Amino acid sequence: MKSKFNQIINRKNTNSAKWDRLSWAFGTENITPMSIADMDFKASGPILNAINSITRHGIFGYSYYPDTLKKAITQWFNKKHGVKLSEADMVFAPCVLASISFLLDIFTKPGDKVLIQTPVYPPFFNIVKENNRVLIENPLINRNGHYAMDFEDFSKKATGVKIFILCNPHNPVGRVWTKKELEQIGRICVKKRILIVSDDIHCDIIYKGSGYVPIAGIAESIAQNCVTLYSPNKTFGTAGLACACAVTKNEEIKKRFRAYIMAKKLESANRISTSAWEAGCNKSRDWHTQLIKHLENNMTYLESFIKDRLPLIKFVKPEGTFLAWLDCRQMNMTEKQLKDFFYKKAGAGLSPGSIFGVEGEGFMRMNIACPLTVLKKVLYSIERSFS
Ligand SMILES: Cc1ncc(COP(=O)(O)O)c(C=O)c1O
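Analysis parameters
- Residues numbered from 1 in each chain as written.
- Predicted model: local features only at pLDDT ≥ 70, side-chain atom pairs only at ≥ 80, totals over all residues.
- Heavy atoms only, no water.
- Buried < 20%, exposed > 50% of the residue type's maximum accessible area, 1.4 Å probe, protein only.
- Helix = DSSP H or I, 4+ residues; strand = E, 2+ residues; numbered from the N terminus.
- Pairing = 2+ DSSP bridges.
- Right-handed = clockwise from strand over helix to strand, strands pointing away.
- Contact = heavy atoms within 4.5 Å.
- Near = heavy atom within 4 Å.
- Polar contact = N/O pair within 3.5 Å; in protein donor to acceptor, adjacent residues only side chain to side chain.
- Nonpolar A, V, L, I, M, F, W, Y, C, P; charged D, E, K, R; others polar.
- Salt bridge = Lys/Arg side-chain N within 4 Å of Asp/Glu carboxyl O.
- Domains from an automatic or database assignment.
- Buried area = accessible area lost by both parts, 1.4 Å probe.
- Core = buried A, V, L, I, M, F, W, Y, C linked by side-chain atoms within 4.5 Å.
- Arc of directions from axis to C-beta.

Visitor: For this particular structure, what's the right way to read the pairing of strand S8 (residues 195-199)?
Guide: Look at any regular strand and the pattern is simple: side chains alternate between the two faces of the sheet. Burial analysis of S8 places five of its five residues in the buried class, which makes it a mostly covered element. With burial as the criterion, each face of S8 is covered, one bearing Leu195, Val197 and Asp199 and the other bearing Ile196 and Ser198. Sheet topology places strand S7 (residues 161-167) next to S8; five bridges connect them, and they run parallel. Directly across from Leu166, in S8, lies its bridge partner Ser198. You can see the chain leave S7, run along helix H7 (residues 179-192) and come back into S8, and the turn it takes is right-handed. With four bridges connecting them, S8 and strand S9 (residues 226-230) associate as parallel partners. The residue bridging Asp199 from the neighbouring strand is Leu229, located in S9.

Visitor: Sorry, what's going on with the environment of Leu350 here?
Guide: Within the fold, Leu350 resides in the loop between strand S13 (348-349) and strand S14 (351-352). In the structure, Leu350 is positioned 319 residues away from Ile31 in sequence and 9.8 Å away in space, judged by C-alpha atoms. Dropping the residues within four chain positions of it, Leu350 is found in contact with Phe26, Met34, Leu326, Phe342, Tyr343, Met364, Arg365 and Met366.

Visitor: Which parts of the structure should I look at to understand the site of the ligand?
Guide: Neighbouring the ligand are Ala37, Cys95, Val96, Leu97, Tyr121, Cys167, Asn171, Asp199, Ile201, His202, Asn233 and Lys234. The backbone of Val96 places a nitrogen or oxygen atom 2.8 Å from an oxygen atom of the ligand. The set of elements that each furnish at least two residues to the shell around the ligand consists of helix H4 (96-107) and helix H9 (233-236). For the shell around the ligand, a count of residues per class yields seven nonpolar, three polar and two charged.

Visitor: Could you clarify how one ought to interpret the pattern of salt bridges in this entry?
Guide: Between side chains of opposite charge, a pair can form when the charged atoms approach closely. This structure, assessed with the given rule, holds 17 salt bridges. Taking the shortest distance from any N to any O, the salt bridge between Arg175 and Glu319 comes out at 2.8 Å. Taken together, the residues Arg175 in the loop between S7 and H7 and Glu319 in the loop between strand S11 (314-315) and strand S12 (323-327) connect sequence positions 144 residues apart. Of the charged contacts, one joins Lys336 and Asp340 as a salt bridge, the two residues approaching to 2.8 Å between their closest N and O atoms. Highlighted residues: Lys336 and Asp340, both in helix H13 (residues 335-345), separated by four residues, approximately one helical turn. By relative accessible area, which is 26% here, Asp340 ends up partly exposed. Bridged by salt links that share partners, the residues Arg11, Lys18, Asp38 and Asp40 form one connected network.

Visitor: Where do I start with the domain arrangement of the chain in this structure?
Guide: Quite often, the size of an interface is put as the accessible area lost when its parts meet. Assigned domains within the chain: domain 1 (4-44 + 286-386) and domain 2 (60-283). One C-alpha centre belongs to domain 1, the other to domain 2, and the line joining them spans 25 Å. Facing 27 residues of domain 1, the contacting portion of domain 2 comprises 35 residues. For the pair domain 1 and domain 2, the summed buried area comes to about 2500 Å², and 59% of that belongs to carbon and sulfur atoms. Taken together, the connections running from domain 1 to domain 2 amount to one salt bridge. The interface formed by domain 1 and domain 2 contains 15 residue pairs in polar contact (both at pLDDT 80 or more). Tallying contributions element by element places helix H12 (residues 285-309) first for the side of domain 1 that touches domain 2, with seven residues. The class makeup of the residues in the side of domain 1 that touches domain 2 is 16 nonpolar, five polar and six charged.

Visitor: How should the nonpolar core be read in this particular structure?
Guide: Across soluble globular proteins, nonpolar side chains have a tendency to be buried as a group. Leu302, Phe322, Leu326, Phe342, Met366 and Ile382 are the most contacted members of the largest nonpolar core, which has 74 residues in total. Residues lining this core come from more than one domain, with at least three contributed by each of domain 1 (4-44 + 286-386) and domain 2 (60-283). Sequence-distant contacts of Leu326, that is, excluding residues within four places in its chain, are made with Leu302, Ile306, Ile313, Lys314, Phe315, Leu350, Gly362, Phe363, Met364 and Met366. In terms of nonpolar packing, the next biggest core, distinct from the first, is built from 31 residues, Val96, Leu104, Ile106 and Ala246 among them.

Visitor: Sorry if this is basic, but what is going on with H13 here?
Guide: In an α-helix, one full turn covers 3.6 residues, which means residues spaced three or four apart are oriented alike. For H13, every residue scored as buried is listed here: Leu338, Phe341, Phe342 and Tyr343. End-on, the buried residues of H13 take up no more than an arc of 165 degrees, which puts them together on one face. Across from the buried face of H13, at angles greater than 90 degrees, the exposed residues are Lys336, Lys344 and Lys345. Looking one or two residues beyond H13, the residue adopting positive phi is Gly347, at roughly 65 degrees.

So this is what it looks like as structure tokens:
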């Protein structure tokens, strides 16, 4: 029987941000989208059962975030990563990006500096600029496709910075930051009194050889200076259900974040999202293990295909995330030419690297959370487009 991750499921006409806006995103309908970071897989059986039982019941009244969800999340983190979260440290929020924007609102004022490490998830740029904060960029160092943090540059630019938005694992470069790296950056933030907002939404998509370390778990001083943001979106493929959780040991931060959620009247929960998250944590471990195997297999396939058949593209397998960061600089094309090549010639809907910052120019990001046959079809089409 075909693996559930290799079943091709038509996502068109489902209000899918990835599949239903092809002409808008790529200028053509004749394309396979591998852009927006959600997965083309059906959710786990237990998640579907949880949602089905709510719809069968048929009453969709007001709901709250149940303690059982907190418990399910702490158990998931403990079993999966050996990470001990405390239920008392959690505050739920509508989504990760909204939480970042709330934290900017609470802990900074217009004109304050917020630092990000580029290339990075595009909304990090917008969220700072749209809230009239000053964007400080600390580019990562690219050593033959393996990215590292530039601590010296970070320290130089850190003066006056109020918030550092960390991305762990990092979208788009796929680094799962090590304890040593996190400790070094965390210590600088403590010393310079910079609040760390750690976006750990990709923390459950980690491949062999790497392990997830939350920066807040490194030292009490760092934990007291940090808010970590979690979500089931990437872990269980529930991005459209929107739900997130902010975790912090700092009582004052927790109090102010909770008060903000109350003041904005966002304390009500979406029962479908919370039940799906709970069923994911409590009953979908096997599904998730198989998911990681599938993604790892796709990444390995991509790596050898590129090595053997696409000599002008360079690729270093990521340590985490289902996103592949392809270095296309040797194709010697402008951004427009690269887009024309991938979109019009190859029918491959990748995200252009420049949206992740200037360091991303000449790169393309490919979302490989799809059936292997889809990945193969796109890769052969890219290969043919070179000839
Ligand atoms: C690093 C990162 N943060 C946040 C998000 C979005 O999270 P949410 O939908 O909970 O706002 C994404 C989605 O791709 C992401 O990659």
